[in-house]
Amino acid sequence: MLKKARQPLAVLCVIFLMSALLLACGSNNGQTEAGGNAAADTTSNAAASAAPSPEASADADTSAAAGTQSYTDYKGHTVEIPVSPERIIYSGETYGDLVALGVQAAGYPLSMGEGQVFEDKLAGVEDVGFPINLEKTLELQPDLIIYAGTDEADFEALSKIAPTVIFNTFGPLEERMTELGLLLGKKQEAENWLEQYKTSETAMWEQLKATGMKEGETASVFTYYPGDRLFVMAATGLSQVLYGEGGFKAPAPIQTLLDEGTGFLEISMEVISQYAGDRIFILTPVADEAKQSTDALIQSEIWKSLPAVKNGNVYTQDIMKTSADASTREWLLTELPRLMGGK
């Protein structure tokens, strides 16, 4: 299994740029490391505390008058931040969350947005690079920095430029959006978005069940990583949508991974039948080597023997279009029915 210990954002993003496999993953305690690359899972860390610290509560009137509020991030830093920040640096995986709230950052690592559903919303956003460029960040004069890395040295350096919070971009969607609502002065917008998303999600499942999806059907998500490494996805990316309330069930081995909070697991092709559901979703990787591995799998007798394959219940989607951010999740509510022929 892949290691559940959260790694520095640097490792995660290097992996992202190689093949985007870890793009939607979260981190947790207890996963093992695969090939020296970090894996993260979506349910590992609690979202940052929404409530100010006792000290901040005592000075609430003063802070409000000054247009600031005390915020304690999920790593325990209590920071005075603007109530309504106007120039935000966002360095993390789920920029689509900001887009869903109608917010444009002043700076963001643009390489992380390439091929994403929200890529067209990045016009006018300055590239702060990865690893984050301190000189460029200073130049942009932010009043708030939202940073996904956990390195204390990075936090200290960024904090000298502007109020900085470490944000769990791998947390569950509802927790992320709620916390961003607090951080960005968009509390009501976040609540409205979550309510609308829930309504749309319910409508999507009703639509799919009306066009052939059976109660209790299972689904699986697989993808390849360079090095001929096959992964089954659990608490991450597209799986977060598929296994949502009212959606597909997870095959027993995947349910075990979900219960453990595991983002994904490397498996061998020989055991794929143990993880294969009634419907299979294949995520097309970025790297050519991984694409070749995917083609080899599809041509194999093991693959052809799977019930989902025999029944024509296999669907292919670009891995870059299955991230965990709010904008992608919203897009998938329309894309899934199209993909499954239930439009």
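The structure displayed is predicted, hence computed values, not measured ones.

A.B. asks: Can you walk me through the overall build of the chain in this structure?
C.D. replies: Helix and strand counts for the chain come out as 15 helices and 12 strands. When burial is assessed residue by residue, the chain has 54% of its 343 residues classed as buried. For the chain, the share of sequence-separated contacts (at least 6 apart) that also reach a separation of at least 24 residues comes to 66%.

A.B. asks: I'm lost on a negative patch on the surface in this one. Help?
C.D. replies: Among the surface-exposed residues, Glu114, Glu119, Asp120 and Asp127 lie close enough to one another that they form a single negatively charged patch. Classification of Glu119 by relative accessible area gives partly exposed; the value is 39%.

A.B. asks: Looking at this structure, how should I read the nonpolar core?
C.D. replies: In globular proteins that are soluble, nonpolar side chains generally tend to be buried together. Counting residues in hydrophobic clusters, the biggest one holds 78 residues, and the most contacted among them are Ile146 and Phe281. In terms of residues, this core owes the most to one element, helix α8 (residues 187–210), which gives seven residues. When near neighbours in sequence (up to four residues on either side) are disregarded, Ile146 contacts Ile88, Ile89, Tyr90, Ser91, Val165, Phe167, Leu180, Leu183 and Leu184. Membership of the second largest hydrophobic core comes to eight residues, among which are Val128, Ile132, Tyr147 and Leu158.

A.B. asks: Sorry, what's going on with helix α7 (residues 173–183) here?
C.D. replies: One full turn of an α-helix is made of 3.6 residues, so residues set three or four places apart face in the same direction. α7 sits mainly inside the fold: eight of its 11 residues count as buried. Among the residues trailing α7, Gly185 stands out with phi positive, at a value near 70°.

A.B. asks: It is not clear to me how the sheet that holds strand β12 (residues 314–318) should be interpreted in this structure. Could you clarify?
C.D. replies: Strand order in the open sheet made by the five strands is β10-β9-β8-β11-β12, with mixed pairing throughout. One side of each edge strand has no neighbouring strand; the edge strands of this open sheet are β10 (264–267) and β12. The average angle at which neighbouring strand axes cross in this sheet is 30°, direction not considered. The strands that helix α12 (residues 288–299) touches are β8 (219–225), β9 (229–233) and β11 (279–284); relative to β8, the one it contacts most, it runs at about 130°.

A.B. asks: Looking at this structure, I do not really get the environment of Lys321. What am I missing?
C.D. replies: Within the secondary structure, Lys321 sits in the loop between β12 and α15 (326–339). Lys321 gets classed as partly exposed once you look at its relative accessible area, which sits at 22%.

A.B. asks: What's the story with the packing of α7 against α8 in this structure? I'm lost.
C.D. replies: The relative placement of two packed helices comes down to the angle between their axes together with the axis-to-axis distance. Following both chains from N to C, one finds α7 and α8 inclined at 155°, their axes separated by 7 Å at the closest point. In terms of orientation, α7 lies roughly antiparallel with respect to α8. As α7 packs across α8, the resulting crossing turns out to be right-handed. Where α7 approaches α8, its residues Leu173, Glu174, Met177, Thr178, Gly181 and Leu182 are matched on the opposing element by Lys187, Ala190, Trp193, Leu194 and Tyr197. In terms of residue class, the contact of α7 with α8 is built from seven nonpolar, two polar and two charged.

A.B. asks: Sorry if this is basic, but what is going on with the packing of α8 against α15 here?
C.D. replies: Two elements in contact, α8 and α15, have axes separated by 9 Å at closest approach and are oriented at 20°. One way to sum up the angle between α8 and α15 is to call them roughly parallel. Crossing hand, α8 versus α15: left-handed. Contact residues: Trp193, Tyr197, Ser200, Glu201, Met204, Gln207 and Leu208 in α8; Ala326, Arg329, Glu330, Leu332, Leu333, Leu336 and Pro337 in α15. A class-by-class count of the residues in the contact of α8 with α15 yields nine nonpolar, two polar and three charged.

A.B. asks: Mind showing me how you'd approach unusual backbone geometry here?
C.D. replies: Looking along the chain, the bond that leaves Phe130 and enters Pro131 is cis, with omega of -5°. By the element assignment, Pro131 lies in the loop between β5 (126–127) and α5 (134–139). Phi at Gln141 is positive, roughly 50°, even though this residue is not glycine. With respect to the helices, strands and loops of the structure, Gln141 is situated in the loop between α5 and β6 (144–147). A positive phi angle, near 60°, is found at Asp228, a position not held by glycine.

A.B. asks: Help me out: how do you make sense of the pattern of salt bridges in this one?
C.D. replies: Close approach of charged atoms allows side chains of opposite charge to pair. One pass over the full model with this rule turns up 12 salt bridges. Ionic pairing is found between Lys209 and Glu215, a salt bridge with its closest N-O pair at 3.8 Å. Salt-bridge contacts for Arg279 lead to Glu217; the nearest nitrogen and oxygen are separated by 3.2 Å. One end of the pair, Arg279, is in strand β11; the other, Glu217, is in the loop between α8 and β8, and 62 residues separate them in sequence. Per residue, the accessibility class of Arg279 equals that of Glu217, and both read buried. Counted as one network, the salt bridges with shared partners bring together Glu126, Lys136 and Glu139.

Thresholds, definitions, all that
- Residues numbered from 1 in each chain as written.
- Predicted model: local features only at pLDDT ≥ 70, side-chain atom pairs only at ≥ 80, totals over all residues.
- Heavy atoms only, no water.
- Helix = DSSP H or I, 4+ residues; strand = E, 2+ residues; numbered from the N terminus.
- Buried < 20%, exposed > 50% of the residue type's maximum accessible area, 1.4 Å probe, protein only.
- Contact = heavy atoms within 4.5 Å.
- Patch = residues over 30% accessible without salt bridge, like charges linked within 9 Å, V, L, I, M, F, W, Y side chains within 5 Å.
- Areas by Shrake-Rupley, 256 points an atom, 1.4 Å probe, with all protein chains shown as cover.
- Salt bridge = Lys/Arg side-chain N within 4 Å of Asp/Glu carboxyl O.
- Lys, Arg positive; Asp, Glu negative; His and termini not counted.
- Charge placed at Lys NZ, Arg CZ, Asp CG, Glu CD.
- Core = buried A, V, L, I, M, F, W, Y, C linked by side-chain atoms within 4.5 Å.
- Pairing = 2+ DSSP bridges.
- Axes fitted to C-alpha atoms, helices over the stretch in contact; angles between N-to-C directions.
- Parallel < 35°, antiparallel > 145°, perpendicular 65-115°, else oblique.
- Left-handed = near helix turned anticlockwise from the far one by under 90°.
- Nonpolar A, V, L, I, M, F, W, Y, C, P; charged D, E, K, R; others polar.

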